[in-house]
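Now for the letters of each chain:
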Amino acid sequence: RRKTISSLFSRCYRRIRFNALLVCFCLCHSVLKSQSVPLDSLIAACNAYPYADTTKVKMLIGISVEYLKSDPIQGAKVGNEAVDLARRLNFPFFFARGLILKCNNESAFGEYDKTIISLDEALQICDEQGNVPRLKSDILNNIGVQHYYKHDFNQAYLFFERAYKEKMALGDVWGAANALG
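Numbers given to residues run from 1 along each chain, matching the order in which its sequence is written. Residue-level local features of this predicted model are given only where pLDDT is at least 70; pairs of side-chain atoms are given and counted only at 80 or more, and the full residue set underlies all totals for whole chains, interfaces and linings. In computing side-chain values, all of the structure's heavy atoms are included and hydrogens and water are not.

1. Observations concerning the overall build of the protein
Right, on to step 1. Within the protein one finds nine helices and zero strands.
Right, on to step 2. Strands are runs of DSSP state E lasting at least 2 residues, helices are runs of H or I lasting at least 4, and numbering of each runs from the N terminus. Helices (α) and strands (β) of the protein occur, in sequence order from the N terminus, as α-α-α-α-α-α-α-α-α.
Right, on to step 3. Contacts are assigned to residue pairs with any non-hydrogen atoms lying within 4.5 Å of each other. Of all intrachain contacts in the protein linking residues separated by at least 6 positions in sequence, the fraction that spans at least 24 positions is 50%.
Right, on to step 4. Here the accessible surface of atoms and residues is derived via Shrake-Rupley with a 1.4 Å probe, and residues count as covered only by protein chains that are part of the display. Carbon and sulfur atoms make up 59% of the accessible area of the protein, which amounts to about 11700 Å² in all.

This is how it looks when you write it as C-alpha cells:
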C-alpha cells in the first residue's frame, strides 16, 4: 500500500512539474513575442518609408532606442545610420540626437572615452544651434554619467552641476534633481 501511494505521488508530482514548466514557457514566450511588436512595426515602417528626411531619421532613432533594450550591437548600427543620414541631410538637431543614441549604445559596451568624444561633438552642435537647451542639458548630464562610469568623479561633478543649472533655467525641477543623482 505504501508503494502505491508513493508511486502515485511521484507520478502526480512529475505531471504537475511538467505542466508548470509548460505554462512558464508559454508565458515567457508570449511576453518576448509581444516585446518585439513595436520594434517590428518601426522597422517595417522605416523600410517602407521612401524618403530620406527628418521623418526617416526619427524612425531610425526610434529603432535604435528599441534595440538598446534588447540588442545594443544592432542599436549601435541603426544609430550610426541615423547619424549618417542626419549628417548627409544637414539636420544638426537630429544629428545631435542621433549622436546621443549612438553614445547610449556605445556606453552599454563600456566605451566611455569614445562616448564622451561623441557627446562633446553633440554638445558643440547644440552650442552652434543655440536653441536647444533641453537637449544640451541632457548631453551635459550624459557626459557626467560617462565620467562617473570612468571613476573620474571630479569631471562627473562638474558636468552634473552644469546640467543642473541648465535644467533649473528651464524650470525642469525633476530633471535638475535627476542631474544631481
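2. Here's the deal with helix α8 (residues 153-170)
Right, on to step 1. Here the expected length of a helix is defined as 1.5 Å per residue gap, with one fewer gap than residues. Over its 18 residues, α8 runs 25 Å from end to end, which matches the ideal 26 Å to within 8%, given 1.5 Å per residue.
Right, on to step 2. Of all the residues in α8, the buried ones are Ala156, Phe159, Phe160, Ala163 and Lys167. Projected onto a plane normal to the axis of α8, the buried residues spread over an arc of 105 degrees and lie on a single side. Across α8 from its buried face, at more than 90 degrees, point the exposed residues Asn154, Tyr157, Lys165 and Ala169.
Right, on to step 3. Those residues of α8 that are buried are in contact with α7 (133-149) and α9 (173-179).
Right, on to step 4. Of the residues flanking the end of α8, it is Gly171, one or two places downstream, whose phi is positive at about 80 degrees. Working definition: with a 1.4 Å probe on protein chains only, accessible area under 20% of the residue-type maximum means buried, over 50% means exposed, and in between means partly exposed. Each C-beta atom gives one direction from the helix axis, and the arc is the one those directions make.

3. Comments concerning the confidence of the model for the protein
Right, on to step 1. In this model, the protein carries a mean pLDDT of 79, and residues with pLDDT of at least 70 account for 79%.
Right, on to step 2. Long-range and interchain partners of residues 29-35, a stretch whose pLDDT sits below 50, account for zero contacts in this model, where long-range means more than four residues apart. Scored between 0 and 100, pLDDT is the confidence that the predictor attaches to each residue.

4. Some points on the packing of helix α2 (residues 37-48) against helix α3 (residues 54-70)
Right, on to step 1. The interhelical angle for the contact between α2 and α3, taken along N-to-C directions, is 155 degrees, at an axis separation of 10 Å. It follows that α2 is roughly antiparallel to α3 by the angle criterion. Along this stretch, α2 crosses α3, giving a crossing that reads as left-handed. Counting all contacts with α2, which are made through Leu39, Leu42, Ile43, Ala45 and Cys46, the residues of α3 involved are Lys56, Met59, Leu60, Gly62, Ile63, Glu66 and Tyr67.
Right, on to step 2. Amino acids outside the nonpolar list (Ala, Val, Leu, Ile, Met, Phe, Trp, Tyr, Cys, Pro) and the charged list (Asp, Glu, Lys, Arg) are all regarded as polar, and Gly is one of them. For the contact of α2 with α3, the class distribution of residues is nine nonpolar, one polar and two charged. Comment: axis = line fitted to C-alpha atoms, over the contacting stretch for helices; angle = value between 0 and 180 degrees taken between N-to-C directions. Convention used here: angles under 35 degrees read as roughly parallel, angles over 145 as roughly antiparallel, angles from 65 to 115 as roughly perpendicular, and any remaining angle as oblique. Two helices crossing with the near one rotated counterclockwise from the far one by less than a right angle form a left-handed crossing, whereas a clockwise rotation gives a right-handed crossing.

5. Here's the deal with the packing of aromatic side chains
Right, on to step 1. Classification of ring pairs uses Phe, Tyr and Trp, with its six-membered ring standing for Trp, and accepts pairs whose centres are within 6.5 Å; under 30 degrees between planes counts as stacked, over 60 as edge-to-face, and the remaining range as tilted. Going through the model one piece at a time under the given rule, you end up with six aromatic pairs.
Right, on to step 2. Judged by centre distance (5.4 Å) and plane angle (50 degrees), the rings of Tyr112 and Tyr149 are tilted. Of this pair, Tyr112 sits in helix α6 (residues 112-129) while Tyr149 is found in helix α7, placing the two residues 37 residues apart along the sequence.
Right, on to step 3. Exposure remark for Tyr112: the relative accessible area of 23% places this residue in the partly exposed category.

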